[in-house]
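# Summary of the model geometry
Letter by letter, the chains look like this.
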Amino acid sequence: MSSTLFTDLFVREDNGTTFFTYRSGLAVYTEAFVDGALRSLGWNLAGYVSALDVLPSLEKRSDTTSFQVEAGGQDLSNGWALLEHTVDRDGDDLRVVVRLQHVQRGMQLDVITDLDGSAVLDRHLLLRNESEGFLPISGVSPWSGALWAAPRATVHALASEVTSISVGYMQDTRWGREGDFAWQELPESELVIASRVRRPPHRHPMFVARVDGFGEHYIGQLGWSGGYEFAFDYERYDNEPADGRTPWLNFRASMDAPAPQIVLAPGEDVETAHVHLGGVIGALDDAVAAMNDHFRGGVLERDAERLGIIMAGIGPEQEISPDSVMHEMDAAAAIGADLFYIDANWYSPSGANWFSTIGDWEVGSRFPNGLESIRTAAHDRGMKFGLWMEPERLGAESDAFQGEHDRIATDYRGSQRCGHLDLSIDSNVEWVEAQIDKVIAGNQLDFFRIDYNNGYLGDGFHSERGGYQENHFWRYYLNLYALFARLRKRYPNVIFQNCAGGGARTDVGMVAGFDDTWPTDWQLAPRSFSIINGMTLALPPEFIDRHLGMGQMDHLTAAHDSQLRIALFGRPTVSWMNPMPSASNAVHIERINHFLDIYRRVVLVHGAQTRIHHHTPTDFVSTGWGVLERAAVDRSTSIVGVFRLGDIGDDETVVFPRGIDQGRRYRVVFDDAPSVTEVSGFELVQHGLRVRRTASLTSELIVLEAL
């Protein structure tokens, strides 16, 4: 990304049509308000404002509206009046609000677009009910319309060639298969990708559209923890038809739930989920870097000292007691961990099940003397101290389940499943916030870890509002986001970590309220490599935790060094290296410290805001080679992990480092030997580095440092 930032809105009136052109870096996106609708005209990714005569003809299309809303049983794609547009600049950041009023239905709508100088725009809608009655909103797509359109001149250049477009997305929705990124060529029919309502929740809401032959990658993410849907409709043309139509990719990014998704009272307004969308002319990793630049520019902006914290803790996979906690804490101190936490079971009585006693947030009988001495012991060892909590659920054996039963949500079959609290109701939000306050303030926490083990909720829950059965997802997640925004403001020195049964809520809507996120509960190789490989396509690596230890069965597969190397491409968490009362393994400790030294010295030297290079971006498999690279933005350092995932294929592979400067010389360390050499960047790029591994689930780590 260029060090120079540029953001701009260019507005032009022409023959009763108002054109809005958004410019951020080299990404240019154009819309037009015409005949009662705001219509999407597509993008130019080379920084140019397209001349009007080369854009596809508006009147030829009926599916170009820039958003879709269904309210009161009516499709509100059309029938709008343009009231005004406003521009608010804060340094390089630009916010544009286009305000519309529906002519028939009593609704005002703001189209809000934020530009930050990256190649990605941030858009959401604000809906306002100006009618005198309740207004049910059945469906909403905060952004839709043209994702790609071939200008007419390019169709002539293509001659008889057919342009193919492929969409990359996380294909699997199941627990333990997060990051399953793969490409699918678009058919000449609609492709729909959905999750969290129609599918299980472990599919991160992102997509990449690749326009073959044009070198264009469009990348999008929906910041939403409820149900969602992406839809793509591609029309191909071998030659320019007589009617002037051209190849066209239409898309929509939608919030998904049973209707009505929300019911607005008279005068009430509500925001939609945010869509983060942009594109580059370049490779997949260029699009990923653009999204990371956008996220780091404000959406996920964090203080540098929080980005590289090394964590350790103790979980309920072993018996938690004062002795076992101190055993684990001493092991954490031996590797120089920055933070120690106690996971589930600190609140439950001895012998009780952690899952079923959720909700009673007092220190349990496992700790008869409380947690103060344990917190002090962590501080004495130079570590921050934290606790785990699952505040959105009440376990069936908890006292809170009996006393607060009326706070539990009801599904469409009349069942109160999972003890799931209904946070679409404001009074329940206040109660949950008070419980979290009690845990953070009462235990003087430096670190707070949230979990969410409700699994696949399907349609979710509902409550009565204005004579309708309002689905709970919309209000629930706006309330939950606001809750953690307040907590972060109230406790600015507390580190907040997000987890949801592994990676069920890794979307940026949720992660924006936290310092990092747990992307999965699956730590076994070879899939553990595939998960970090895929999830670093979705989120910057400094926000993605990776675990090493016995707690999640990590130790059952792969060489110890390979497990450690995978962790270097996220944020390392090291826990439970040996059960109590066994002595720690000095070889383990030496190897862990070796790799954490590389992490601190090479990865964190630039505040962890590194570039990720996916040499094998779609290998969610158990065989062959997997290669992942993490490099400093200034190309001064890089680590390359080369993983032999299985026995099929060659015993050798050649790796061409991407995060280096051809004009510099590098000290190259092959970590396994170890062996050291000096090579020019030019030779590295031109000839690569040969790695040989003959055994499955082994690896090599190559460390490159500019001289």
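So, how was this worked out
Chains are numbered independently. Their residues run from 1 in the order of the written sequence. In keeping with the model being predicted, local features are shown solely for residues with a pLDDT of at least 70 and side-chain atom pairs are shown and tallied solely at 80 or more, while totals for entire chains, interfaces and linings include all residues. Excluding hydrogens and water, the side-chain figures rest on all heavy atoms present in the structure. In this text, helices come from DSSP runs of H or I with a minimum length of four residues, and strands from runs of E with a minimum of two, each type numbered from the N-terminal end. Three exposure classes are used, based on accessible area relative to the maximum for each residue type with a 1.4 Å probe and protein chains only: buried under 20%, partly exposed in between, and exposed over 50%. A pair is scored as a salt bridge if a Lys or Arg side-chain nitrogen falls within 4 Å of a carboxyl oxygen belonging to Asp or Glu. When DSSP locates at least two bridges between a pair of strands, those strands are taken to pair. Axis angles are defined between N-to-C directions and span 0 to 180 degrees, where every axis is a line fitted to C-alpha atoms and, for a helix, only to the segment in contact. An angle below 35 degrees is treated as roughly parallel, one above 145 as roughly antiparallel, one from 65 to 115 as roughly perpendicular, and anything else as oblique. Contact criterion: two residues are considered in contact whenever any of their non-hydrogen atoms come within 4.5 Å of each other. Following the grouping adopted for this structure description, the nonpolar residues are Ala, Val, Leu, Ile, Met, Phe, Trp, Tyr, Cys and Pro, the charged ones are Asp, Glu, Lys and Arg, and the polar ones are all others, Gly among them.

### A few points about unusual backbone geometry
The omega torsion of the bond from Met580 to Pro581 falls at 10°, within 30 degrees of zero and hence cis. For Pro581, the position within the fold is in the loop between strand 32 (571-575) and helix 11 (586-603). Residues Ala673 and Pro674 are joined by a peptide bond in cis, for which omega reads -15°. Here the phi dihedral of Trp576 falls at roughly 50°; this positive angle occurs in a residue that is not glycine. Assignment of secondary structure puts Trp576 in the loop between strand 32 and helix 11. Unlike most non-glycine residues, Arg635 shows phi in positive territory, near 65°. With respect to the helices and strands, Arg635 occurs in the loop between strand 34 (625-631) and strand 35 (637-644). Residue classification places Arg635 among the partly exposed positions, given a relative accessible area of 34%.

### Observations concerning the pattern of salt bridges
Close approach of charged atoms allows side chains of opposite charge to pair. In the structure shown here, the tally under the stated rule is 48 salt bridges. Across the pair Arg198 and Glu229 runs a salt bridge, and its minimum N-O distance is 2.3 Å. Remark: Glu229 occurs in strand 17 (residues 228-235) and Arg198 occurs in the loop between strand 14 (190-195) and strand 15 (206-211); sequence separation between them is 31 residues. Arg198 gets classed as partly exposed once you look at its relative accessible area, which sits at 41%. Ionic pairing is found between Glu268 and Arg465, a salt bridge with its closest N-O pair at 2.8 Å. Residue Glu268 is located in the loop between strand 19 (262-264) and strand 20 (269-271), and its partner Arg465 is located in strand 27 (residues 461-465); the two are separated by 197 residues in the primary sequence. Look at Glu268 and you get buried, because its relative accessible area is 18%. Judged by relative accessible area, which is 25%, Arg465 ranks as partly exposed.

### Let's talk about the sheet that holds strand 28 (residues 468-471)
Taken in spatial order, the three strands of this open sheet run 25-27-28, and their pairing is antiparallel. Among the strands making up the open sheet, the edge pair consists of strand 25 (410-411) and strand 28. Two strands pair when backbone bridges link them, and strand 27 and strand 28 are joined in this way by four bridges, in the antiparallel orientation. Each residue of the ladder has a partner; that of Glu464, found in strand 28, is Gln469.

### Let's talk about the pairing of strand 9 (residues 107-115)
Successive side chains on a regular strand alternate, one facing one side of the sheet and the next facing the other. With nine of nine residues buried, strand 9 lies mostly within the body of the structure. Of the two faces of strand 9, the one carrying Met107, Leu109, Val111, Thr113 and Leu115 and the one carrying Gln108, Asp110, Ile112 and Asp114 are both buried. Pairing analysis gives eight bridges linking strand 8 (residues 93-102) to strand 9, with the strands arranged antiparallel. Counted as the bridge partner of Leu94 is Leu115 from strand 9. The loop that links strand 8 with its antiparallel partner strand 9 comprises four residues. As judged from the eight bridges shared by strand 9 and strand 10 (residues 120-129), these two strands associate in the antiparallel manner. Residue pairing in the sheet places Leu109 in a bridge with Leu127 of strand 10.

### Quick notes on the packing of helix 2 (residues 284-299) against helix 9 (residues 527-538)
The contact between helix 2 and helix 9 brings their axes to 8 Å, and the two run at 60°. By the criterion of interaxial angle, the relationship of helix 2 to helix 9 is oblique. For the pair helix 2 and helix 9, the contacting residues are Leu284, Asp285, Val288 and Phe295 in the first and Thr536, Leu537 and Ala538 in the second. Here the contact of helix 2 with helix 9 is composed, by residue class, of five nonpolar, one polar and one charged.

### Observations regarding the sheet that holds strand 4 (residues 37-44)
The strand order across the open sheet formed by four strands is 1-2-3-4, and the pairing between neighbours is antiparallel. Lying at the two open borders of the sheet, with one neighbouring strand each, are strand 1 (7-14) and strand 4. Strand after strand, the sheet turns through a mean of 20° between neighbouring axes, direction not considered. Bridging between strand 3 (residues 27-34) and strand 4 involves seven bridges; their strand directions are antiparallel. Residue pairing across strands places Phe33 opposite Leu38, the latter belonging to strand 4.

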